[in-house]
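# Survey of secondary and tertiary structure
Here is what each chain is made of, one letter per residue.
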Amino acid sequence: MATEGGGKEMNEIKTQFTTREGLYKQLQHSEYSRPNRVPFNSQGSNPVRVSFVNLNDQSGNGDRLCFNVGRELYFYIYKGVRKAADLSKPIDKRIYKGTQPTCHDFNHLTATAESVSLLVGFSAGQVQLIDPIKKETSKLFNEERLIDKARVTCVRWVPGSESLFLVAHSSGNMYLYNVEHACGTTAPHYQLLKQGESFAVHTCKSKSTRNPLLKWTVGEGALNEFAFSPDGKFLVCVSQDGFLRVFNFDSVELHGTMKSYFGGLLCVCWSPDGKYIVTGGEDDLVTVWSFVDCRVIARGHGHKSWVSVVAFDPYTTSVEESDPMEFSGSDEDFQDLLHFSRDRANCTQSRLSKRNSTDSRPVSVTYWFGSVGQDTQLCLWDLTEDILFPHQPLSRARTHTNVMNATSPPAGSNGNSVTTPGNSVPPPLPRSNSLPHSAVSNAGSKSSVMDGAIASGVSKFATLSLHDRKERHHEKDHKRNHSMGHISSKSSDKLNLVTKTKTDPAKTLGTPLCPRMEDVPLLEPLICKKIAHERLTVLIFLEDCIVTACQEGFICTWGRPGKVVSFNP
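Rules used throughout
Residues numbered from 1 in each chain as written. Predicted model: local features only at pLDDT ≥ 70, side-chain atom pairs only at ≥ 80, totals over all residues. Heavy atoms only, no water. UniProt positions renumbered as here; feature names shortened; annotations may be inferred. Helix = DSSP H or I, 4+ residues; strand = E, 2+ residues; numbered from the N terminus. Buried < 20%, exposed > 50% of the residue type's maximum accessible area, 1.4 Å probe, protein only. Contact = heavy atoms within 4.5 Å. Areas by Shrake-Rupley, 256 points an atom, 1.4 Å probe, with all protein chains shown as cover. Core = buried A, V, L, I, M, F, W, Y, C linked by side-chain atoms within 4.5 Å. Pairing = 2+ DSSP bridges. Axes fitted to C-alpha atoms, helices over the stretch in contact; angles between N-to-C directions. pLDDT = per-residue confidence, 0-100. Salt bridge = Lys/Arg side-chain N within 4 Å of Asp/Glu carboxyl O. Phe/Tyr/Trp six-rings, centres within 6.5 Å; stacked < 30°, edge-to-face > 60°. Polar contact = N/O pair within 3.5 Å; in protein donor to acceptor, adjacent residues only side chain to side chain. Disulfide = S-S within 2.5 Å.

Under an unreviewed UniProt entry, the name given to the protein is WD repeat-containing protein 20, and the source organism is Octodon degus. Quoted verbatim from the Subunit (unreviewed entry) field of UniProt, the annotation for the protein is "Interacts with USP12; promotes translocation of USP12/WDR20 to the plasma membrane. Component of the USP12/WDR20/WDR48 deubiquitinating complex. Interacts with USP46; contributes to the cytoplasmic localization of the USP46/WDR20 complex. Component of the USP12/DMWD/WDR48 deubiquitinating complex."

Below, the structure is given as structure tokens:
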């Protein structure tokens, strides 16, 4: 991309930027924050997070917004690009004492105009279930902190379930809960269900069914974020030990692993079709991992500090030939636009000329994703066909010449790939992707397995195979973390069989777990703009806008090109 100017220009906060689609503009009237609009003193505070839900009401204005700032939690009608935010009228506002909200998640399955279920995780380890429309507090889980005392890092409803949810803590543990069950008045006792390299899963030993239903111990150090695949069958986790791990959620099998270039991994997301995973963290990089091939296929370097959020944009599609468009913006934005258009046009022609004459597939969607970081910058990226389906082995020379100059063309193929977390029917294989034998595993519906666990405790899971899966993608001498910390030795003597080892970064670098920088394509961002004064903590792509938030507590709406028609106060 075109580089920023020096000096004063470098520190200027951008309120608009231009991509191939046109001009994205920050809508000042659509900014959400605390009612007084005073910047929040973020020192020592947990990251600001934002959750959305659509209530499917008949008014056409069913979007609702939840965000946390310090000890406060707000619930607003989100008017997006249509109308100004009315900060004086939150639907619900809560101020907590002794603990701070750290994350939250709506149950989209059960949301109605009269009721919505919102889970809120806290810095002291508790999880609260509230209804901000009825203004009710339904339940408090881990209230006495008998299950886990560490900060809640991520909470998510299990896809397709009205009652199951998963909670991750900075202890490295994850717990599966059912909202219908109590947590018990004593600390839970566990028995081993399954273990593998760097993970163990336990069930709760009790005469009556109680929470948690399952306890996962994953990696070493904090479990920073997890995400379910689009079809809900797979779960990806990123940890402070620098590992990304993908599990089949129902069968509790490890599908694949990746290691950061260095440092912890902080964030992760799935592509809309479930074929690719993007992660970011303390190595200042975004890394693209193929779910099918279980390997790193690209890295992106544009941030100057830790990457805090990554997200795919499911609404942006590429076109083979860009139509002329009206332009309004700064000279810098115009130069950026020329740069993008030139690269895209050149690379589209060269790529199409390399296609086989028998290949009649149309040029399909390019994967677009974004990232924000502690450097206060927003980066937008695209994943194109030359990265996803290279026609020849990647040489070191090609990585830094052709690939770096060919990261912006609209190409991408929707891959016609094997069954992945976003596909229900397996399409034909692509030219260059192989079919790992585990990629097509189908563990059955989540509801049947999880409901079975609830109804009969361990019995449903007892039929699962406990043998260790044969490694496909790792060198024989490679050792990964084996951390079974935070589990009571009284309840799990079997864990003494697992060796606790530190991962030597020198042993993973240069292996499929963590390829060297010169061994995979290095992406450049299409856009890299400083958009805030404080570190960025939120990036969400909506149909007509992009939503970002910074640690000061300001939630900003960026109208997509052509979507901001008029402003009605």
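On a plain count of helices and strands, the protein comes out with six helices and 32 strands. Per-residue burial for the protein yields a buried fraction of 58% across its 569 residues. Counting contacts in the protein only where the partners sit at least 6 residues apart, residues at least 24 apart contribute 63% of the total. Accessible surface for the protein amounts to roughly 23700 Å². Of this, 50% is attributable to carbon and sulfur atoms.

For the rest of this paragraph, the subject is the UniProt feature "repeat: WD" (unreviewed entry) in the protein. According to UniProt, the "repeat: WD" (unreviewed entry) feature falls on residues 258-290. Taken end to end, residues 258-290 is 0% helix and 61% strand, and its two terminal C-alpha atoms sit 10 Å from one another.

The next thing to look at is the nonpolar core. Counting residues in hydrophobic clusters, the biggest one holds 23 residues, and the most contacted among them are Leu166, Met174, Leu176, Trp216, Phe226, Leu235 and Phe249. Broken down by secondary-structure element, the contributors of at least two residues to this core are β12 (164-169), β13 (173-178), β15 (199-205), β16 (214-218), β17 (223-228) and β18 (234-239). When sequence neighbours within four positions are dropped, the list of residues in contact with Phe226 reads Cys154, Val155, Arg156, Leu166, Val167, Ala168, Met174, Leu235, Val236, Cys237 and Val268.

Let us look at the pairing of strand β23 (residues 285-290). The buried fraction of β23 is high, at six of six residues. Covered by surrounding structure in β23 are Leu285, Thr287 and Trp289 together with Val286, Val288 and Ser290, the residues of both alternating faces. Judged from the six bridges that link them, β23 and strand β24 (residues 295-301) form a sheet pairing that is antiparallel. The partner of Ser290 across the bridge, within β24, is Arg295.

Glancing now at the sheet that holds strand β9 (residues 127-131). Read from one edge to the other, the open sheet built from four strands follows the order β7-β8-β9-β10, with strand pairing classed as antiparallel. Each of the sheet's edge strands pairs with one partner strand only, and the pair in question is β7 (101-106) and β10 (136-141). The mean inter-strand angle of the sheet, taken between neighbouring strand axes irrespective of direction, is 20°. Sheet topology note: the strand β8 (residues 118-122)/β9 ladder contains four bridges and is antiparallel. Looking at β9, one finds that Leu118 is bridged to Ile130.

Residues with a pLDDT of 70 or more make up 67% of the protein, whose mean pLDDT is 77. Counting contacts from residues 1-8, a segment whose pLDDT is below 50, to residues more than four positions away or on other chains yields 16 contacts. Throughout residues 394-418 the model reports pLDDT below 50, and contacts reaching past four residues in sequence, or to other chains, amount to 99 contacts.

What follows deals with the pattern of salt bridges. Counted by the stated rule, this structure contains eight salt bridges. Between Glu21 and Arg20 there is a salt bridge, with its nearest N and O atoms 2.6 Å apart. For Asp313, the salt bridge is made with Arg560, and the minimal N-O distance between the two is 2.9 Å. Within this pair, whereas Asp313 is found in the loop between β25 (307-312) and α1 (331-354), its partner Arg560 is found in the segment after β32 (555-559), the two being separated by 247 residues in sequence. The burial state of Asp313 is the same as that of Arg560; both residues are buried.

Attention now moves to the packing of aromatic side chains. What the rule picks out here adds up to 26 aromatic pairs. Considering the side-chain rings of Phe67 and Tyr74, the 5.4 Å spacing of their centres and the 25° angle between planes classify their relative orientation as stacked. A relative accessible area of 0% places Phe67 in the buried class. Judged by centre distance (5.0 Å) and plane angle (70°), the rings of Phe199 and Phe247 are edge-to-face. Of this pair, Phe199 sits in strand β15 while Phe247 sits in strand β19 (residues 243-248), and the two are 48 residues apart along the sequence. A residue is classified by how much of its surface remains accessible, and Phe199, at 4% relative accessible area, is buried. Take Phe247: its relative accessible area is 0%, and that puts it in the buried class. Feature note: the residues Tyr32, Phe52, Phe67, Tyr74, Tyr76 and Tyr78 constitute an aromatic cluster, connected by ring pairs.

Let's shift gears to the side chain of Arg20. Take Arg20: it is sitting in the loop between β1 (16-19) and β2 (22-26). On the accessibility criterion, Arg20 (10% relative accessible area) is buried. Looking at Arg20, its side chain comes within polar contact range of the side chain of Glu21, at 2.6 Å.

Looking now at the sheet that holds β24. Strand order in the open sheet formed by five strands is β21-β22-β23-β24-β28, and the pairing between neighbours is mixed. Looking at which strands have only one partner, the edges of the open sheet turn out to be β21 (265-270) and β28 (522-523). Strand direction decides the pairing type here: strand β22 (residues 276-281) and β23, joined by five bridges, are antiparallel. Across the sheet, residue Gly280 finds its bridge partner in β23, namely Val286.

Here the bond from Asn211 into Pro212 is cis, since omega is -5°, no more than 30 degrees from zero. Summarising the element assignment, Pro212 is placed in the loop between β15 and β16. If you check the backbone angles, Ser198 has positive phi at about 70° while not being a glycine. Mapped onto the elements, Ser198 comes out in the loop between β14 (189-196) and β15. Non-glycine residue Val252 carries a positive phi angle of around 55°. Here Val252 is to be found in the loop between β19 and β20 (253-259).

Of all six residues in strand β11 (residues 152-157), five are buried, a share of seventy percent or more. Where β11 meets β12, five bridges bridge the pair, whose relative direction is antiparallel. Each residue of the ladder has a partner; that of Arg156, found in β12, is Leu166. With antiparallel pairing between neighbouring strands as the criterion, β11 and β12 make up a hairpin whose turn holds six residues, including Gly160 at a positive phi of roughly 80°.

Turning to the environment of Leu176, a few remarks are in order. Within the secondary structure, Leu176 sits in strand β13. Take Leu176: its relative accessible area is 1%, and that puts it in the buried class. Between the alpha carbons of Leu176 and Thr203 there is a distance of 9.7 Å; along the sequence they are 27 residues apart.

To continue, consider the state of the cysteines. Two cysteines form a disulfide when their sulfur atoms are joined by a covalent bond. Applying the stated criterion across every chain yields a total of zero disulfides. With no disulfide partner, Cys154 has as its closest neighbouring cysteine sulfur the one in Cys103, 6.1 Å distant. Left unpaired, Cys379 is separated from the closest cysteine sulfur, that of Cys528, by 3.1 Å. Cys379 gets classed as buried once you look at its relative accessible area, which sits at 0%.

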